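What follows is each chain in one-letter form.
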Amino acid sequence: MRWLLPWTMASTSTNRPSRLASAAERNRGPILSVLERVLPKQGTVLEIASGAGQHVVWFAERLPQLTWQPSDLDADCRANIAGRSADSGLANILPPREIDARAQDWGIDGVQAVLCSNMIHIAPWPATQGLIAGAGRLLAARQPLFIYGPFSRGGKHSAPSNEAFDESLRARNPDWGVRDLDEITALAEASGFALDEIVEMPANNLSVVFRMTGEG
Ligand SMILES: C[S@@+](CC[C@H](N)C(=O)[O-])C[C@H]1O[C@@H](n2cnc3c(N)ncnc32)[C@H](O)[C@@H]1O
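Cut-offs applied
- Residues numbered from 1 in each chain as written.
- Predicted model: local features only at pLDDT ≥ 70, side-chain atom pairs only at ≥ 80, totals over all residues.
- Axes fitted to C-alpha atoms, helices over the stretch in contact; angles between N-to-C directions.
- Helix = DSSP H or I, 4+ residues; strand = E, 2+ residues; numbered from the N terminus.
- Parallel < 35°, antiparallel > 145°, perpendicular 65-115°, else oblique.
- Left-handed = near helix turned anticlockwise from the far one by under 90°.
- Contact = placed C-beta atoms within 7 Å.
- Nonpolar A, V, L, I, M, F, W, Y, C, P; charged D, E, K, R; others polar.
- Buried ≥ 20, exposed ≤ 12 C-beta atoms within 10 Å, placed from the backbone.
- Pairing = 2+ DSSP bridges.
- Near = placed C-beta within 6 Å.

With that settled, the discussion passes to the packing of helix 2 (residues 54–62) against helix 3 (residues 75–88). Closest axis-to-axis distance for the helix 2/helix 3 pair is 9 Å, and the angle between their directions is 30°. Regarding the angle of helix 2 to helix 3, the classification is roughly parallel. The crossing of helix 2 and helix 3 is right-handed. Together, Val56, Val57 and Glu61 of helix 2 and Ile81, Arg84, Ser85 and Ser88 of helix 3 make up the contact between the two elements. Tallied by class, the residues present in the contact of helix 2 with helix 3 amount to three nonpolar, two polar and two charged.

Given below as structure tokens:
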């Protein structure tokens, strides 16, 4: 199973690696139900921070009219995405690209939607700034930037579990942490987006859809 990543591994009593039921597999169904509504009917969806590629392969199979462009900063992740994509046999997944959300130029164009799940809280704030700026450079009027993850709102955590998660993230890395959706929205508006939709998701997560403003 070449696509396994360290964060999805655990040792069994026989000391062989086994796969944990990862968060990506729990949340992919609820995320898909939002994506089905908000993504364009055709075109290319760029995923930033694809991780092990679990989401992109699953979404690509279920939304075959779209072309899926996975990416990640991390070389091991890209190798996992490539392996998982090859194993799927799907023709609508492009080879993973090396994209650091913070980069001034992502080296890509011709994208009709940008998707990013579970990166914002587990990366320094400049990754969020870069994500929004980069999506703003790529997307035309009405095209969506979709983000998913845990967020506070108005400076308040939505649940004690999110507050505890925030503390654990900051203990692991002081530059990580659950971000406030109001701050993200302000950033997005400064890059030409309007907040289109907030969807409450299982486990106190949110799906948030921003759309580029301007003439269609
Ligand atoms: C928790 S994983 C999320 C994976 C997947 N999107 C999901 O929802 O399961 C976080 C990912 O963010 C990536 N990442 C962190 N900082 C990044 C950056 N500046 N640019 C792009 N990817 C980044 C990491 O390499 C990692 O794959």
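From this point, the discussion proceeds with the structure in view.
Our focus in this paragraph is the pairing of strand 12 (residues 205–212). By the criterion of burial, strand 12 is predominantly enclosed, with seven of the eight residues buried. In this structure, strand 8 (residues 144–149) lies alongside strand 12, joined through six bridges in antiparallel fashion. Following the sheet pairing, Leu145 is matched in strand 12 by Phe210. Looking at chain direction, strand 11 (residues 193–201) and strand 12 are connected through eight bridges and run antiparallel. The residue bridging Val199 from the neighbouring strand is Ser207, located in strand 12. Here strand 11 hands over to strand 12 after three residues, with Ala203 in that stretch at a positive phi of 60°.

Around the ligand there are 20 residues in total, and Ala49, Gly51, Ala101, Ser117 and Asn118 lie nearest to it. The class makeup of the residues in the shell around the ligand is eleven nonpolar, five polar and four charged.

What follows concerns the sheet that holds strand 8. With respect to topology, six strands assemble into an open sheet ordered 4-3-7-8-12-11, the strand pairing being mixed. The sheet terminates laterally at strand 4 (66–69) and strand 11, the two strands that pair on one side only. Adjacent strand axes in the sheet meet at a mean angle of 20°, parallel and antiparallel pairs treated alike. Sheet analysis places strand 7 (residues 113–117) next to strand 8, joined by four bridges and oriented parallel. Within the sheet, the bridge partner assigned to Val114 lies in strand 8 and is Leu145. Relative to the sheet, helix 6 (residues 181–190) contacts strand 11 and strand 12, its axis offset from that of strand 11 by approximately 150°.

These figures capture arrangement, not role.
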